[in-house]
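Spelled out from the first residue to the last, the chains are:
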Amino acid sequence: MTVYMDHAATTSTHPEVIRAMQPYFHDKFANPSGIYSIAKENRQKIEKCRQMIADTLHAKKNEIYFTAGGSEGDNWALKEIADTYSKKGRHIITTKLEHHGILHTCEYLERHGFEVTYLDVDIYGRVNPVQVERAIRKDTILISVMFANNEIGTIQPIGEIGAIARRHNVLFHTDAVQAYGQIPIDVACLQVDLLTASGHKFRGPKGTGFLYVRDGVKLQSLIHGGAQEQGLRAGTENVPGIVGLATAAYIADAAMEQRMKYEIQIREYMIGELLTTIPYSQLNGHPEQRLPNNINISFQFVDGGALLVMLDTLGICASGGSACTSASKEPSHVLKAIGLSDELARGTIRLTIGEETTKKDADYVIACIRELVGGLREQSPFYEDYQSRFHAVD
Ligand SMILES: *Cc1c(COP(=O)(O)O)cnc(C)c1O
C-alpha cells in the first residue's frame, strides 16, 4: 500500500493531461516556427493554450509567457525586473519565508549591487501589509511575496499588498506556485503585476509553467535566442508540455470549488484527529488562511527525520520541511521564521493531500503516525525526563 501525502512537492500527471499531450509527440510534432500547415496548426494551438491559461486568471492572452517551471519564472521575474528598473532604484522587498527560487535569486541580486529587505512574518507565517508599506523607499522597484507557503500552507494578504504596491507605484510579483490551480486567483482584482506558476504542482507535466506579466510592465529576456514568446523567451516551444499545462490548468479551474471543499474536509479531519489524540503536538501555519491541501504538525520529543523514514517503510510518502531542503540538516527557514525552536522544527512533518486522497488513506496515516510517535517518544530520554518532572509537579 502506498499513500502519497506529498502533493506540495509534486503531483501525478492527470490522465486527461497525458491524453491531450500524446498527439504532440508523433503526428503533431512540427516546430511551431515552420511555414507549413502542421507547424501553423501548432502555433495556433499554443495561442489557444495561452488563452485558456489567461482565462483562469482573468488576464489577457499576451500577458502569459510559457516557462519551464516555477524556478525559472521566479528567476526571470526578479532578475529581469531588477535589471530593467535599476535606473529607478536598487531596492527589493521580500519575506523570510519565500521558496529558495526567490531567496537564492535575491542573494544573487545582492551580490550584484541590489539591496533586499526580508520582512518578518507573524507566528502563523503571515506578512503584515503595514510592514510592507513601511519598508517601501524611494528606490524600491519590486515587492515579491509568495501567494501561499509551500511548507506551512499559509495564504498571504495578496490583495492588500497589491493595493499598497500600486499606490506607491512599485511593481508586485507573487510566487503562486503553491496557490495556482488550488485556490481562485484574479490578477486584476488583486493588482498583481507578475505571477509565477508551475505545471507539475497542479497535475500538469514537470518542466512546464508560466509567468504572468501585466501589460505595461517592461520585462526583458532571460533566455536569449529566437523570437519565441514575443521575443522574450527563446527556444523551440515545448508544445506537448504547453498543451499539458493548459489542459491541467483548465481541469484544475473547472473542478476547483468542489476539490477545495473535499480537501478542506479531509484536512480538517486529519488535523483534528492528530492534535486531539497525540499529546504535545501543534499545528503550524494559519488555521483558516491556509491551502486546502496542507497539514504541517510538530511533535515534541520526536525526531521528524526518523518518523519520515518509518512512515516510508509503511508506504506513506510525507515530507519534512520542503522537499528541496530535506537533504540538509539545517531546520527549515520557514519554521524558523514563524518562531519554532530548532528542536520543535526537527519534530515537524508536512502532509499534503490531493483530490485522490481518500478517507481510508487519512485513517491509515493517522493510525501510523499515532503509533510511531508513541514509539519514538518511549525511546526519547527527553520525553521520559519531561514526563517524570510533569508528574512530580502534579
Ligand atoms: C515547487 C515550488 C517552486 C519551484 O517550482 P519548479 O517548477 O519545481 O521549479 C517555486 N516556488 C514554490 C512556492 C514552490 O512550491
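First things first, this report covers the structure right here in the doc. Bear in mind that the values here come from a model prediction, so they are computed numbers and not experimental data. (Residues numbered from 1 in each chain as written. Predicted model: local features only at pLDDT ≥ 70, side-chain atom pairs only at ≥ 80, totals over all residues. Heavy atoms only, no water.)

1. A short note on the sheet that holds strand β10 (residues 294-299)
Strands pair in a sheet through their backbones, by hydrogen bonds, and they do so in one of two ways: parallel or antiparallel. Heads up, the condition is: Pairing between two strands requires that DSSP report at least two bridges joining them. A run of H or I in DSSP becomes a helix once it reaches four residues, and a run of E becomes a strand once it reaches two; helices and strands are each numbered from the N terminus. For helices, the fitted axis covers only the stretch in contact; all axes are lines through C-alpha atoms, and the angles between them, taken along N-to-C directions, range from 0 to 180 degrees.
Here we have three strands laid out as an open sheet, ordered β9-β10-β12, and antiparallel in their pairing. Sheet topology places β9 (281-283) and β12 (348-352) at the edges, where each strand pairs with a single neighbour. In this sheet, neighbouring strand axes are inclined to one another by 25° on average, regardless of whether the strands run parallel or antiparallel. As defined by bridge partners, β10 adjoins β12 across five bridges and the pair is classed as antiparallel.

2. Section: the environment of Ile-242
With respect to the helices, strands and loops of the structure, Ile-242 is situated in helix α8 (residues 239-254). Measuring from C-alpha to C-alpha, the distance between Ile-242 and Ser-144 comes to 26 Å, with 98 residues separating the pair along the chain.

3. As for the packing of helix α2 (residues 37-57) against α8
Angle between the axes and distance between the axes are the two parameters that describe a pair of packed helices. Selection rule: The cut-offs work like this: below 35 degrees is roughly parallel, past 145 is roughly antiparallel, 65 to 115 is roughly perpendicular, and the gaps in between are oblique. A crossing counts as left-handed when the near helix is turned anticlockwise from the far one by less than a right angle, and as right-handed when that turn is clockwise. Residues are treated as being in contact if the distance between any of their heavy atoms lies within 4.5 Å.
At a minimum axis separation of 9 Å, α2 and α8 run at an interaxial angle of 30°. Between α2 and α8, the crossing angle belongs to the class labelled roughly parallel. As α2 runs across α8, the sense of the crossing is left-handed. Here α2 contributes Asn-42, Lys-45, Ile-46, Cys-49, Met-52, Ile-53 and Thr-56 to the contact with α8, which in turn contributes Val-239, Ile-242, Val-243, Leu-245, Ala-246, Thr-247, Ala-249, Tyr-250 and Asp-253.

4. Side note on the nonpolar core
For the record, the criterion: Only buried residues count toward a nonpolar core, which is a set of Ala, Val, Leu, Ile, Met, Phe, Trp, Tyr and Cys residues joined through side-chain atoms within 4.5 Å. Think of it in three bands: residues with accessible area under 20% of the maximum for their type are buried, residues over 50% are exposed, and the middle band is partly exposed, with areas taken using a 1.4 Å probe on protein chains only. Segmentation of the chain into domains, including their bounds, is taken from an automatic or database domain assignment.
Among the nonpolar cores identified, the biggest contains 62 residues, and Leu-57, Ile-143, Ile-185, Leu-195 and Phe-210 are the most heavily contacted of them. Top contributing element to this core by residue count: α8, with eight residues. For this core, the domains that each give at least three residues are domain 1 (3-9 + 256-393) and domain 2 (15-254). Setting aside residues no more than four positions away along its own chain, Phe-210 makes contact with Ile-53, Leu-57, Ile-64, Tyr-65, Phe-66, Thr-67, Tyr-180, Leu-195, Thr-196, Ala-197 and Leu-245. Met-5, Ala-318, Ile-366 and Leu-372 belong to the second largest nonpolar core, which has 27 residues in total.

5. Focus: the site of the ligand
Let me state the cut-off plainly: A cutoff of 4 Å decides nearness: a residue is near a molecule or strand if any of its heavy atoms lies inside that distance of it. In protein, a polar contact requires one atom able to donate a hydrogen and another able to accept it; more generally it is a pair of N or O atoms within 3.5 Å, and residues adjacent in sequence count only if both atoms are side-chain atoms. A 1.4 Å probe and the Shrake-Rupley method give the accessible areas. Residues count as covered only by the protein chains that appear here. Any residue that is not Ala, Val, Leu, Ile, Met, Phe, Trp, Tyr, Cys, Pro, Asp, Glu, Lys or Arg is counted as polar, Gly included; the first ten are nonpolar and the last four charged.
By nearness alone, 13 residues border the ligand, and Ser-71, Asp-175, Gln-178, Ser-198 and Lys-201 come closest of all. Note that an oxygen atom of the ligand is positioned 2.7 Å from one of the side-chain N or O atoms of Ser-71. Relative to its free-state accessible area of 380 Å², the ligand is covered by the protein chains to the extent of 86%. The element that contributes the greatest number of residues to the shell around the ligand is helix α3 (residues 70-84), accounting for three residues. Along the lines of polarity and charge, the residues of the shell around the ligand split into two nonpolar, eight polar and three charged.

Any functional reading would require information beyond the geometric quantities listed.
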